[in-house]
Amino acid sequence: MNSDSLFALLAAFLYNQPNMNPAKIFIAEDERFLSTILANRLKKEGFAVSQAFDGQEAVDLLKSERPDLIIIDLILPKKSGFEVLESVSKNPDLNHVPIVVLTNLGQESDIEKAKSLGASEYYIKVRISIDDFMNAIKSMLSRFQGSEALQVQQ
């Protein structure tokens, strides 16, 4: 095998490999069924996923995790999603990370409070399909790609 064909073989192999640095998404959701559906779908889309199932666990994990995007429910045991948002907003390593709220709370005051604490997007669970939510996540990550050089597997 000559060097040209070896190079072509190597290039083809590397081109077909999954992205080695997928965007990292952190999910804070206490409904395990929904959390598992979201995590599996995100992994299928090529993202790296970590999860917390209550607010305290989210705060604790986010002390060491450095996600590229956070998905959070506002109704969480132990610490509310609002408390997690406040913790993230005070952390200089995280306060630039886009946050997507996915919750059942639809009051205007809840939306305003979440956005004032750093939420970039706000979705009400019963008003969005999984497919539309995945598209929104991909769109949001692509908007933030320039500043963080995120890589999303296609």
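Procedures and definitions
- Counting restarts for each chain: residues are numbered from 1 in the order of the written sequence.
- Owing to the predicted nature of the model, reporting of local features is limited to residues with pLDDT of at least 70; listing and counting of side-chain atom pairs is limited to 80 or more, with chain, interface and lining totals taken over all residues.
- Remark: hydrogens and water are excluded; side-chain values derive from all non-hydrogen atoms of the structure.
- Here, a strand pair is defined by DSSP locating no fewer than two bridges between the strands.
- Segments assigned H or I by DSSP are reported as helices when at least four residues long, segments assigned E as strands when at least two residues long, and all are numbered from the N terminus.
- Convention adopted: a line fitted to C-alpha atoms gives each axis, helices being fitted over their contacting stretch, and angles between N-to-C directions are expressed from 0 to 180 degrees.
- Only heavy atoms enter the contact rule, under which two residues are in contact if any of them lie within 4.5 Å.
- Whether a crossover is right-handed depends on one test, that the path from the first strand over the helix to the second runs clockwise when the strands point away from the viewer.

S.K.: What should I look at first to understand the sheet that holds strand β3 (residues 69–72) in this one?
M.R.: Strand pairing in a sheet relies on backbone hydrogen bonds, with the paired strands running either antiparallel or parallel. As summarised here, the arrangement of the five strands in space is β2-β1-β3-β4-β5, forming an open sheet in which the pairing is parallel. Each having just a single partner strand, β2 (48–52) and β5 (121–124) make up the two edges of the open sheet. Strand-to-strand twist in this sheet, taken as the mean axis angle between neighbours without regard to direction, amounts to 20°. Where strand β1 (residues 24–28) meets β2, five bridges bridge the pair, whose relative direction is parallel. Note that in β2 the partner of F26 across the bridge is S50. Its contacts with the sheet put helix α2 (residues 32–44) on β1, β2, β3 and β4 (99–103), and the angle it makes with β2 is roughly 165°.

S.K.: Would you explain the pairing of β5 in this entry?
M.R.: Within a regular beta strand, the side chains point alternately toward one face of the sheet and then the other, so they alternate between its two faces. Looking at chain direction, β4 and β5 are connected through four bridges and run parallel. Paired with L102 across the bridge in β5 is Y123. The β-α-β motif built from β4, the intervening helix α5 (residues 108–116) and the parallel element β5 has right-handed crossover chirality.

Note that all results are geometric; they support no functional claim without further evidence.
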